[in-house]
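Structure at a glance
Residues per chain are reported as follows:
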Amino acid sequence: MNNRTQEITVGTMDAAKLLAIRSFTRKNSTLGFNRDKLVETILMLNAAIFILAIAAISLFILIRGLPLIFKVGITDFLLQLEWNPTAGSFGIGTMLAGTLAVTLTALLWAVPMGLATSIFMVELAPPRIGTLMGSLVELLAGIPSVVYGFFGLIVIIPFIRNYLGGSGLSVLAGAIVLGVMILPTIINISRDAIAAVPLDYKVGSLALGASHYQSIRRVILPAARSGIITAIILGMGRAIGETMAVVMVTGNSTIIPHSILSPTRTMTSNIVLEMGYASGDHQAALFATGVVLFIFIVILNLVVNLTLKAGKNYGAN
Amino acid sequence: MEYVKRRRLTSFVLLGLLLLIAGLVAGCGRQEVADKMDGQQLRGTITVAGSTSVQPFSDVLAEEFMKTHPGVQIDIQGGGSSQGIQATVSGAADIGASSRELKPKEKSQGLVETTIALDGIAIIVNPSNSVNDITLDDLRNVYLGNIKNWKELGGKDSPITVVCREAGSGTRGAFEELIMNKQNVSNQVIIQNSTGAVKTTVAGYEKAIGFVSMAGIDQDVKILKFDGVEPSVANVKNGSYKMSRPFIYLTKGEAQGLTKAFIDFVLSDKGQALMQEEGAITVK
């Protein structure tokens, strides 16, 4: 509560300041009209370069990848289980399965844990502890992925090998490492969503005689729903796109994982594993894998936008 | 208001400090280069790119060469044999490093090959493994997925975890050519994409088997005899150890100037001795 009121006052102060600055620049602009124009042009130029860069990268990936997809056939490329690029068989079916297996297993534990943590941080923790946890989450987000991978290799894999069996290089190892990596995304976004629920909702619910837990479950979480779904989908996007840590711990066999302890290969791993030595059609096949990933991420982003829009219509924020 | 102001001030100070440090570091770097430029006759920069198996040798050779020729800067990049070959063709690299024989299509692009050393491929297992020897047929069957238990190779009754390099790797290419007899490696195998990763996996797991460049061997893994032959420098040179491959430097057309000077140095007694120290097998 304290946190929230503080935020509001800081917010209004910033707004007041902004107004002051604006009126100041307005006064100035009558003297130096051209300087304003210049700044505007520079800003626009930067934005244009940014858009051009995105367009160029997307176009490049498509140009390098699409011809191979059409050559192999879309369904064959996506569903064939045989990946032997140096011998001319290009099917990424096993990697689609691998990506889904690792990502979903990671979400399975990271979503409940992330959500519980964010509820705790906003609703239950004393403000000071909440802030401290916020910094810890930020720290978690700042650790490079190769470090997570290394940790997985040295700690998690021997653990799985000794207590659960198999070689340890497995879907499970990937899911554990990935889960930790997407926790910050899930916690940060769902925490913001929960904190943004108007105080009136909670106060009203408590006034009607609901307990704190009932208010969280029946009022606050439903009101923050669109933000929480966004958090999950963005976490999923991060999990699908993550590469370095996954390559190090999943074993990278091109098979459909038959259990949580079986090794597997994700689409991102496929690209980073083989790009060093790939040439010709093999290289094109890696770009084609990139195209599939690209489309996956675009779809996820669209879903995020739609949920956010739906959330607004729902009247939560 | 006061709080916000102070925070802004702090961040400005921090940013300033950061820039200052960055500037200092950059400045130092430039200083060093400038010093080197005052050296002897040979000067300039060349880039060596390609096989990660050759990279450690190129590093050592370049370091020594730059020591005797302070005006020279040699940049060593990895990327893999295929990338090295492409970079040489495109002119992005002055020298391409390959740890496999060139394919006919690659040969037709006007590249000149210089074999700078030989390398043996060693079959490695965990030091705790009781198996000492493996035959060609058994090895092939292990990688085909037909032999699945160490018992069949005279070891303990436990499943074999097969570790292999990724498709396209020079080491894997050589291994397939020498062992697999045109059959595909089983898709059940664990794939690791560097010599170090294969070694780490085998060193950490008593049921694993893998293959790496002989130069990359250390105490953490146990080397198997192959068809009864010890993988030693002498045995690779005299041809009795069958699993070997060349390390090749490529240039677009005949090497000239600085590039030629460097390759000559690599082939000199001193260069070859350096490579031998690092574990490669000299060509002479």
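The sections below set out a description of the structure shown in this document.

Parameters and conventions
- Residues numbered from 1 in each chain as written.
- Chains lettered and ligands numbered in written order.
- Predicted model: local features only at pLDDT ≥ 70, side-chain atom pairs only at ≥ 80, totals over all residues.
- Heavy atoms only, no water.
- Helix = DSSP H or I, 4+ residues; strand = E, 2+ residues; numbered from the N terminus.
- Buried < 20%, exposed > 50% of the residue type's maximum accessible area, 1.4 Å probe, protein only.
- Contact = heavy atoms within 4.5 Å.
- Areas by Shrake-Rupley, 256 points an atom, 1.4 Å probe, with all protein chains shown as cover.
- Axes fitted to C-alpha atoms, helices over the stretch in contact; angles between N-to-C directions.
- Parallel < 35°, antiparallel > 145°, perpendicular 65-115°, else oblique.
- Left-handed = near helix turned anticlockwise from the far one by under 90°.
- Polar contact = N/O pair within 3.5 Å; in protein donor to acceptor, adjacent residues only side chain to side chain.
- Salt bridge = Lys/Arg side-chain N within 4 Å of Asp/Glu carboxyl O.
- Expected span 1.5 Å × (residues − 1).
- Bend = angle between axes of the 7 residues up to and from the residue.
- Pairing = 2+ DSSP bridges.
- Buried area = accessible area lost by both parts, 1.4 Å probe.
- Nonpolar A, V, L, I, M, F, W, Y, C, P; charged D, E, K, R; others polar.

Our focus in this paragraph is the overall build of chain B. A count of helices and strands for chain B gives ten helices and eleven strands. Among the 284 residues that make up chain B, the fraction classed as buried is 47%. Taking the contacts inside chain B whose residues are at least 6 apart along the sequence as the reference set, 74% of them involve residues at least 24 apart. A total of about 13,800 Å² of accessible surface is found on chain B, and carbon and sulfur atoms cover 53% of it.

With that settled, consider the packing of helix 6 (residues 145-163) of chain A against helix 7 (residues 171-195) of chain A. Residue and element names in this part refer to chain A. Packing of helix 6 against helix 7 leaves a shortest axis separation of 10 Å and a crossing angle of 140 degrees. Overall, the two elements helix 6 and helix 7 adopt an arrangement that is oblique. Of the two elements, helix 6 crosses helix 7, and the hand of that crossing is right-handed. Contacts from S145, Y148, G152, I156, I157 and I160 in helix 6 reach L172, A173, I176, V177, V180 and M181 in helix 7.

Another aspect to go through is the side chain of S169 of chain B. Residues and elements named next belong to chain B. Looking at the secondary structure, you find S169 in the loop between strand 6 (161-165) and helix 6 (170-180). Using a relative accessible area of 1% as the deciding quantity, one classes S169 as buried. A polar side-chain atom of S169 sits 3.2 Å from the main-chain amide nitrogen of T171. At a separation of 3.1 Å, a polar atom in the side chain of S169 contacts the main-chain amide nitrogen of R172.

Under the defined criterion, the tally for this structure stands at 13 salt bridges over all chains. Between R265 of chain A and E274 of chain A there is a salt bridge; the shortest N-O distance is 2.9 Å. Put simply, E64 of chain B and K67 of chain B hold a salt bridge, and the shortest N to O gap is 3.8 Å. Placement of the pair is E64 of chain B and K67 of chain B together in helix 2 (residues 55-68), with a separation of three residues, close to one helical turn. Overall, the relative accessible area of 18% leaves E64 of chain B in the buried class.

We now examine helix 4 (residues 93-124) of chain A. If you check helix 4 of chain A, its first and last C-alpha atoms are 45 Å apart, about what 32 residues at 1.5 Å a residue would give, namely 46 Å. Where helix 4 of chain A bends most, the angle comes to about 30 degrees, and this point is A110 of chain A, followed within four residues by the proline P112 of chain A.

Turning our eyes to something else, we now look at the pairing of strand 11 (residues 244-252) of chain B. A regular strand places its side chains so that they alternate between the two faces of the sheet. Residues and elements named next belong to chain B. Across the nine residues of strand 11, seven count as buried, placing the element largely inside the fold. The sheet contact formed by strand 3 (residues 95-98) and strand 11 spans three bridges and is antiparallel. Residue pairing in the sheet places A97 in a bridge with Y249 of strand 11. Pairing geometry for strand 4 (residues 111-125) and strand 11, over nine bridges, is antiparallel. Looking at strand 11, one finds that G120 is bridged to S244.

Residues and elements named next belong to chain A. Despite not being glycine, N252 shows a phi value in the positive range, around 60 degrees. Along the chain, N252 falls in the loop between helix 11 (244-249) and helix 12 (267-274). Overall, N252 belongs to the buried group, its relative accessible area being 0%.

It is worth spelling out the interface of chain B and chain A at this point. One frequently used descriptor of interface size is the decrease in accessible area upon assembly of the parts. Tallying the contact residues gives 30 residues for chain B and 28 residues for chain A. The contact between chain B and chain A buries some 2,400 Å² in all, and 50% of this surface belongs to carbon and sulfur atoms. Linking chain B to chain A there are zero salt bridges. Here chain B and chain A share eight residue pairs in polar contact (both at pLDDT 80 or more) between them. For the side of chain B that touches chain A, the secondary structure elements donating two or more residues are helix 1 (2-37), helix 3 (81-90), strand 6 and strand 7 (190-192) of chain B. If you tally residues by element for the side of chain B that touches chain A, the top one is helix 3 of chain B, at four residues. Across the side of chain B that touches chain A, the residue classes tally to seven nonpolar, 19 polar and four charged.

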